[in-house]
Amino acid sequence: MAIPSFVDTVRLHVTAGHGGNGCASVHREKFKPLGGPDGGNGGNGGSVILRVDPQVTTLIDYHRHSHRQAKNGEPGRGDHQNGASGADVVLPVPEGTVVRDFETGEVFADLIGPGAQFIIAAGGRGGLGNEALANKARKAPGFALLGEDGDDLEISLELKILADVGLVGFPSAGKSSLVAAISRARPEIADYPFTTLVPNLGVVVAGDVTFTVADVPGLIPGAAQGKGLGLDFLRHIERCLAIVHVIDCATYEPNRDPVSDLDAIEAELAAYGGLEDRPRLVALNKIDAPDGRDLAELVAPSLQERGLEVFPISTKTGEGLKALTYTMARLVASRRVEAPTPEQVKVVVRPKAPSGPEFSVSRQSDGEGGFVWRVRGEKPERWVRQTDFTNGEAVGYLADRLNKLGVEDELTAVGALPGDAVAIGAGTDPVVFDFAPQIDIGAELLSRRGEDNRLEELRPAVQRRRAKDAEYHSAKEAEWAVNVALTGLDDSEDDETDESDDSGETDEDHGNTD
């Protein structure tokens, strides 16, 4: 099957890179086997970025390759080494590309202006290593945080050509010929009773005004309802400042005349909607053909009565084109003054949700006749994704974080009882656990959660030294006990006697005599 050269709508699957996991490592060296945590952080995942490139005019590349993925971040390593971040993937798109969610149709961005860009899929953040998690209360964490997954979504890209003037009309009315006659564009032109398949764009200079003209193909009766290709190309005139009806005055088709052609095209524009405020011009083309000039002179007064400016023209001889182009320039200039182009933002950021409570708790059915307490919120869900549930210390750290955030108190306040099922996490596969409120049993015990107990264990050399010290002190105590038993004199009494003797005082010194 042949692939078209011009594509203005595509479906694209974009996947950002996942963040690397943090590292749980303990520094080791000679005579210092447990020298403290030294695990590095994981690298951030790469993002998928859409960027306007003036050299790109079609979305054909994404029609051929509809899956794009950024690189994952590398995991952290020991010896204080952080993982490298994944490389971003930059996707060049034409100016005027609208980015939507494929499922909901929500508009993410409207990319206008060279260099405008939008991060459509943000890379996941890397997990913290145990070195970054250490603090005064948790000097040696025996765990690290997992990296977060990058965004993964289906989007649609829709190109809307940016042109100042849109040329509309029936097939073979001369729209492509008009573009070629008033600009340097050279579209393929033929007198066939079917429409051009590719919009043609030309740059026109009239006096000191420069503007662009687009041939919008595919307009036939029923186009706004999807007949033919009209609906596919009607989007290209949404951004036009003015509309020019190109009407064929030399058609051989029966039941057609300039007035009915105009009415038919206007009906399609009205059915599409949103174009009522665009000024209109009428170009009665092919006055060089037999009876063409007579027909143009016949219908011009009735069209002028509708308030339309009418220009009999010939794209073959050039007659009437100068007056038409200068009138186009005048309309474009006035419309630019009335509706100045807003300053383009180079970096488009998806708006964040309005600020509110950090989490919410609701009671939901579990689908099996029971219920579950569902905790939702950015922080709790992110913390769950970062937790390695095979590591008991990491689970304890998660419990402490949730308790500090107030999740436990809120569950108790809404009526949750010990043993109730609690689910945390986005999507249809949350983490479910039994509600077990913490009991205050001493801050010294609570502070040990998430702590690597290996640092509190005595090394063998220390254990031997302390054992010898204990043996020595035990022997000395036994020797003292034997001396007391033999002499009947406690060492403490000897010490008191020695003190009195050493003082140098006598009874006479106190005034006592026999």
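Remember, it's a predicted structure, so these values are computed and weren't measured experimentally.

*Asks:* Would you mind going over the overall build of the protein with me for this structure?
*Replies:* Helices and strands together make up the secondary structure of the protein, namely 13 helices and 19 strands. Taking all 514 residues of the protein together, the buried fraction comes to 41%. In the form shown here, the protein has an accessible surface area of approximately 28700 Å², with 51% of it arising from carbon and sulfur atoms.

*Asks:* Is there a simple way to think about the nonpolar core in this case?
*Replies:* Looking at soluble globular proteins, one finds that nonpolar side chains tend to be buried together. Among the nonpolar cores identified, the biggest contains 26 residues, and Leu50, Val99, Ile120, Ile155 and Leu157 are the most heavily contacted of them. Broken down by secondary-structure element, the contributors of at least two residues to this core are strand S1 (9-15), strand S2 (48-52), helix H1 (60-64), strand S4 (89-93), strand S6 (107-111), strand S7 (117-121) and strand S8 (152-159). With four residues, S8 is the single largest residue contributor to this core. Setting aside anything within four residues of it in sequence, one finds Leu50 in contact with Leu91, Val93, Val99, Leu111, Ala116, Gln117, Phe118, Ile120, Ile155 and Leu157. If you look at the next biggest cluster of nonpolar residues, it comprises 25 residues, including Ile182, Val209, Leu281 and Ile313.

*Asks:* Got a minute to help me understand the packing of helix H3 (residues 175-182) against helix H7 (residues 321-338) in this structure?
*Replies:* Two quantities define a packed helix pair, namely the angle between the axes and the distance from one axis to the other. Following both chains from N to C, one finds H3 and H7 inclined at 85°, their axes separated by 11 Å at the closest point. With respect to H7, the axis of H3 lies roughly perpendicular. Between H3 and H7, the contacting residues are Leu178, Ala181 and Ile182 on the first element and Leu321, Leu324, Thr325 and Met328 on the second.

*Asks:* Can you walk me through the environment of Arg256 in this structure?
*Replies:* By the secondary structure assignment, Arg256 is in the loop between strand S12 (242-248) and helix H5 (258-272). Judged by relative accessible area, Arg256 falls into the buried class, the value being 16%. Among the polar contacts listed, one links the side chain of Arg256 to the side chain of Asp261, at a separation of 2.8 Å.

*Asks:* How do you make sense of the sheet that holds strand S18 (residues 421-424) when you look at a structure like this?
*Replies:* Spatial strand order, S16-S17-S18-S19: four strands in an open sheet with mixed pairing. Looking along the sheet, the strands with just one partner apiece sit at the ends: strand S16 (360-365) and strand S19 (431-434). Between one strand and the next, the sheet's axes are offset by a mean angle of 30°, whatever the strand orientation.

*Asks:* Whenever I open this one, the sheet that holds strand S14 (residues 309-312) confuses me. Can you help?
*Replies:* In any sheet, the strands associate via hydrogen bonds between backbone groups, in a parallel or an antiparallel arrangement. In spatial order, the strands read S10-S11-S9-S12-S13-S14; together these six strands make up an open sheet with mixed pairing. Only two strands of the sheet have a single partner each, and these edge strands are strand S10 (200-206) and S14. On average, adjacent strands in this sheet sit at an angle of 25° to one another, irrespective of strand direction. Here three bridges tie strand S9 (residues 165-168) to strand S11 (residues 209-215), and the two strands are oriented parallel to one another. Directly across from Leu167, in S11, lies its bridge partner Asp215. In the packing of H5 onto the sheet, the strands contacted are S9, S12 and strand S13 (280-285), and the crossing angle to S12 comes to about 145°. Of the strands in this sheet, S13 and S14 touch helix H6 (residues 292-304), which is tilted by about 170° from S13.

*Asks:* What should I look at first to understand the packing of aromatic side chains in this one?
*Replies:* Centre-to-centre distance and the angle between the planes together describe a pair of aromatic rings. Under the criterion given, the structure shown has three aromatic pairs. A centroid spacing of 5.0 Å and a plane angle of 45° characterise the contact between Phe143 and Tyr397, whose relative ring orientation is tilted. You can see Phe143 sitting in the loop between helix H2 (130-133) and S8 and its partner Tyr397 sitting in helix H9 (residues 392-405), a full 254 residues away along the chain. Classification of Tyr397 as buried rests on a relative accessible area of 13%. Above the ring of Phe170, the side-chain terminus of Arg256 is found at 4.5 Å from the ring centroid. For the cation-ring pair, Arg363 lies above Phe371, with the distance from its terminal atom to the ring centre recorded as 3.7 Å.

*Asks:* I'm lost on the environment of Ser183 in this one. Help?
*Replies:* Within the fold, Ser183 resides in the loop between H3 and S10. The buried category is assigned to Ser183, whose relative accessible area is 9%. Along the backbone, Ser183 and Leu201 are 18 residues apart, and their C-alpha atoms lie at a distance of 9.0 Å. From its side chain, Ser183 meets the backbone oxygen of Val179 in a polar contact 2.5 Å long.

*Asks:* What am I meant to see in the environment of Arg184 here?
*Replies:* With respect to the helices and strands, the residue Arg184 is situated in the loop between H3 and S10. Residues Arg184 and Leu201 lie 17 residues apart in sequence; the distance between their C-alpha atoms is 9.7 Å.

*Asks:* Help me understand the side chain of Asn391 in this model?
*Replies:* Along the polypeptide, Asn391 turns up in the loop between helix H8 (378-386) and H9. Here Glu393 takes part through its backbone nitrogen, which lies 2.9 Å from a polar atom of the side chain of Asn391. The contacts of Asn391, once residues within four sequence positions are left out, are Gly142 and Phe143.

Analysis parameters
- Residues numbered from 1 in each chain as written.
- Predicted model: local features only at pLDDT ≥ 70, side-chain atom pairs only at ≥ 80, totals over all residues.
- Heavy atoms only, no water.
- Helix = DSSP H or I, 4+ residues; strand = E, 2+ residues; numbered from the N terminus.
- Buried < 20%, exposed > 50% of the residue type's maximum accessible area, 1.4 Å probe, protein only.
- Areas by Shrake-Rupley, 256 points an atom, 1.4 Å probe, with all protein chains shown as cover.
- Core = buried A, V, L, I, M, F, W, Y, C linked by side-chain atoms within 4.5 Å.
- Contact = heavy atoms within 4.5 Å.
- Axes fitted to C-alpha atoms, helices over the stretch in contact; angles between N-to-C directions.
- Parallel < 35°, antiparallel > 145°, perpendicular 65-115°, else oblique.
- Polar contact = N/O pair within 3.5 Å; in protein donor to acceptor, adjacent residues only side chain to side chain.
- Pairing = 2+ DSSP bridges.
- Phe/Tyr/Trp six-rings, centres within 6.5 Å; stacked < 30°, edge-to-face > 60°.
- Lys NZ or Arg CZ within 6 Å of the ring centre and 35° of its normal.

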